[in-house]
Amino acid sequence: MQGMELCAGAVLVLLFIAVLKQFGILEPISAEDTGDTDLELSAARHQPEELEKLLARTKFTKAELQALYRGFKSVSAGGGQRPRPPRCGDTGVSVSPGARRPRQECPSGLVDEETFTGIYSRFFPQGDASAYAHFLFDAFDADRDGALCFQDFAVGLSVLLRGTVRQRLEWAFNLYDLNKDGCVTKEEMLQVIKSIYAMLGRSTRPPLRDSAPAEHLELFFQKMDRDRDGVVTLDEFLDTCQQDGDIMSSMRIFESII
């Protein structure tokens, strides 16, 4: 059971990558790709960074970024959700520091949480994926404005698929650190564990006991909380993971995705 929660998190992120492939976001890159997408990237009204800057910030090639952008834009254009007027740019609403801005969905490249959750839920129809999708969305939404732009998406995927093991572990820690205060509490980890079980739903065999989330939580903290102060810091998380062969193996799985 050691490292189970982190391994489960890694596997579920891999399932997220499978969802992206299913909906064409990680489609195979054709040798016939032209500069059309390059032009789109620079011309899109709400594209936050030019292609050259994304090349510098990620470990993707130009062709890979073009393929990612085409798929991302197709999802942001609707993703199967009920059509609504685009709400791009300044909404005229004052937003206090730290608060989420109004939800946005725009064909120029923004995916809101509702669209993100809808796509994810289709892959787990036997359970409730909403809570886990929310946590995953927050982990990708670097500026926490309630809208996933292509910049957030590309940078996050680059860390997961091409980053160092330490960078991937830091990303995983950020996923578990729900309030982003630099440590993971038992309450936060329990929410993540429960969201995983809720998403898997009836697909787990044998069926999980009602006490399973609490049991797995205690195992996680016995392993990670080295000073027994009731929270797991980033340093504790990194040190423990880097000394665990199973956890390190789970992090290396990402290297074979694309």
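Residues numbered from 1 in each chain as written. Predicted model: local features only at pLDDT ≥ 70, side-chain atom pairs only at ≥ 80, totals over all residues. Heavy atoms only, no water.

K.L.:
Sorry if this is basic, but what is going on with the overall build of the protein here?
P.N.:
A count of helical and extended segments in the protein gives 12 helices and 4 strands. Taking all contacts inside the protein whose residues are at least 6 apart in sequence as the whole, residues at least 24 apart take part in 68%. As displayed, the protein offers around 12400 Å² of accessible surface, 53% of which is attributable to carbon and sulfur atoms. (Helix = DSSP H or I, 4+ residues; strand = E, 2+ residues; numbered from the N terminus. Contact = heavy atoms within 4.5 Å. Areas by Shrake-Rupley, 256 points an atom, 1.4 Å probe, with all protein chains shown as cover.)

K.L.:
In this structure, what is going on with the pattern of salt bridges? I would like to understand it.
P.N.:
Side chains that differ in charge, positive against negative, can pair when their charged atoms come close. Per the counting criterion, the structure on display carries 5 salt bridges. Here Arg 162 ties to Glu 64 by a salt bridge, and the two come within 2.9 Å at their closest N and O atoms. In this pair, Arg 162 is assigned in helix α7 (residues 150–162) and Glu 64 in helix α4 (residues 62–76), connecting sequence segments 98 residues apart. Using a relative accessible area of 16% as the deciding quantity, one classes Glu 64 as buried. (Salt bridge = Lys/Arg side-chain N within 4 Å of Asp/Glu carboxyl O. Buried < 20%, exposed > 50% of the residue type's maximum accessible area, 1.4 Å probe, protein only.)

K.L.:
Just to check I follow, could you spell out the confidence of the model for the protein for this structure?
P.N.:
Confidence in the prediction of the protein, expressed as mean pLDDT, is 75, and 65% of residues score 70 or more. Here residues 43–49 scores under 50 on pLDDT; set against residues more than four positions off or in separate chains, the count is 15 contacts. Here residues 79–108 is a poorly scored stretch, pLDDT under 50, and it has 55 contacts once near neighbours within four places are set aside; other chains count. (pLDDT = per-residue confidence, 0-100.)

K.L.:
Can you walk me through the packing of aromatic side chains in this structure?
P.N.:
Centre distance and the angle of the planes are the two values used to describe a pair of aromatic rings. On inspection of all chains with the given rule, the structure shows 12 aromatic pairs. Here the aromatic cluster, defined as three or more aromatic residues joined through ring pairs, consists of Tyr 69, Phe 72, Phe 140, Phe 150, Phe 153 and Trp 171. (Phe/Tyr/Trp six-rings, centres within 6.5 Å; stacked < 30°, edge-to-face > 60°.)

K.L.:
Where do I start with the packing of helix α6 (residues 130–140) against helix α9 (residues 186–200) in this structure?
P.N.:
The description of two packed helices rests on the angle between their axes and on the distance between the axes. In the contact formed by α6 and α9, the axes pass within 7 Å of each other and the chain directions differ by 130°. In terms of orientation, α6 and α9 fall into the oblique class. Residue-level inspection shows Ala 131, Tyr 132 and Phe 135 of α6 in contact with α9, the latter providing Gln 191, Val 192, Ser 195, Ile 196 and Met 199. Its residues assigned to classes, the contact of α6 with α9 shows 6 nonpolar, 2 polar and no charged. (Axes fitted to C-alpha atoms, helices over the stretch in contact; angles between N-to-C directions. Parallel < 35°, antiparallel > 145°, perpendicular 65-115°, else oblique. Nonpolar A, V, L, I, M, F, W, Y, C, P; charged D, E, K, R; others polar.)

K.L.:
I tried to follow the side chain of Asp 177 on my own but got confused; where do I start?
P.N.:
Here Asp 177 shows up in the loop between α8 (165–176) and β3 (183–185). One buried charged side chain, Asp 177, makes no salt bridge at all; its nearest oppositely charged neighbour is Lys 180, positioned 6.1 Å away. A polar side-chain atom of Asp 177 sits 2.8 Å from the main-chain amide nitrogen of Gly 182. Asp 177 has contacts with Gly 182, Cys 183, Val 184 and Glu 188, leaving out every residue within four places of it along the chain. (Lys, Arg positive; Asp, Glu negative; His and termini not counted. Polar contact = N/O pair within 3.5 Å; in protein donor to acceptor, adjacent residues only side chain to side chain.)

K.L.:
Could you clarify how one ought to interpret unusual backbone geometry in this entry?
P.N.:
Most peptide bonds take the trans configuration, and most residues that are not glycine carry a negative phi. Within the chain, Arg 144 stands out as a residue other than glycine whose phi angle is a positive 50°. With respect to the secondary-structure elements, Arg 144 resides in the loop between α6 and β2 (147–149). Since its relative accessible area comes to 31%, Arg 144 is described here as partly exposed. Here Arg 228, not a glycine, exhibits a phi torsion of approximately 55°, which is positive. Inspection of the secondary structure puts Arg 228 in the loop between α10 (212–224) and β4 (231–233).

K.L.:
How should I be thinking about the side chain of Ser 195 in this particular structure?
P.N.:
Within the element layout of this structure, Ser 195 appears in helix α9. The class of Ser 195 is buried, set by a relative accessible area of 2%. Excluding residues within four positions of it along the chain, Ser 195 makes contact with Asp 128, Ala 131, Tyr 132 and Phe 135.

K.L.:
Could you clarify how one ought to interpret α8 in this entry?
P.N.:
For an α-helix the count is 3.6 residues per turn, leaving residues at separations of three or four pointing the same way. Between the first and last C-alpha of α8 there are 17 Å, a value that for 12 residues agrees with the 16 Å anticipated at 1.5 Å per step. Of all the positions in α8, only Val 165, Arg 168, Leu 169, Trp 171, Ala 172, Phe 173, Leu 175 and Tyr 176 are classed as buried. (Expected span 1.5 Å × (residues − 1).)

K.L.:
In this structure, what is going on with the environment of Ile 196? I would like to understand it.
P.N.:
Turning to its location among the elements, Ile 196 is positioned in helix α9. What makes Ile 196 buried here is its relative accessible area of 9%. Between the C-alpha atoms of Ile 196 and Pro 213, which are 17 residues apart in sequence, the distance is 9.5 Å.

K.L.:
Just to check I follow, could you spell out the packing of α9 against α10 for this structure?
P.N.:
Interaxial distance between α9 and α10 falls to 9 Å at its minimum, and their mutual angle equals 130°. As judged from the angle between their axes, α9 and α10 are oblique. Handedness of the α9/α10 crossing: right-handed. Residue-level inspection shows Lys 186, Met 189, Leu 190, Ile 193, Lys 194 and Tyr 197 of α9 in contact with α10, the latter providing Ala 212, Pro 213, Ala 214, His 216, Leu 217, Glu 218, Phe 220 and Phe 221. The residue makeup of the contact of α9 with α10, split by class, is 10 nonpolar, 1 polar and 3 charged. (Left-handed = near helix turned anticlockwise from the far one by under 90°.)

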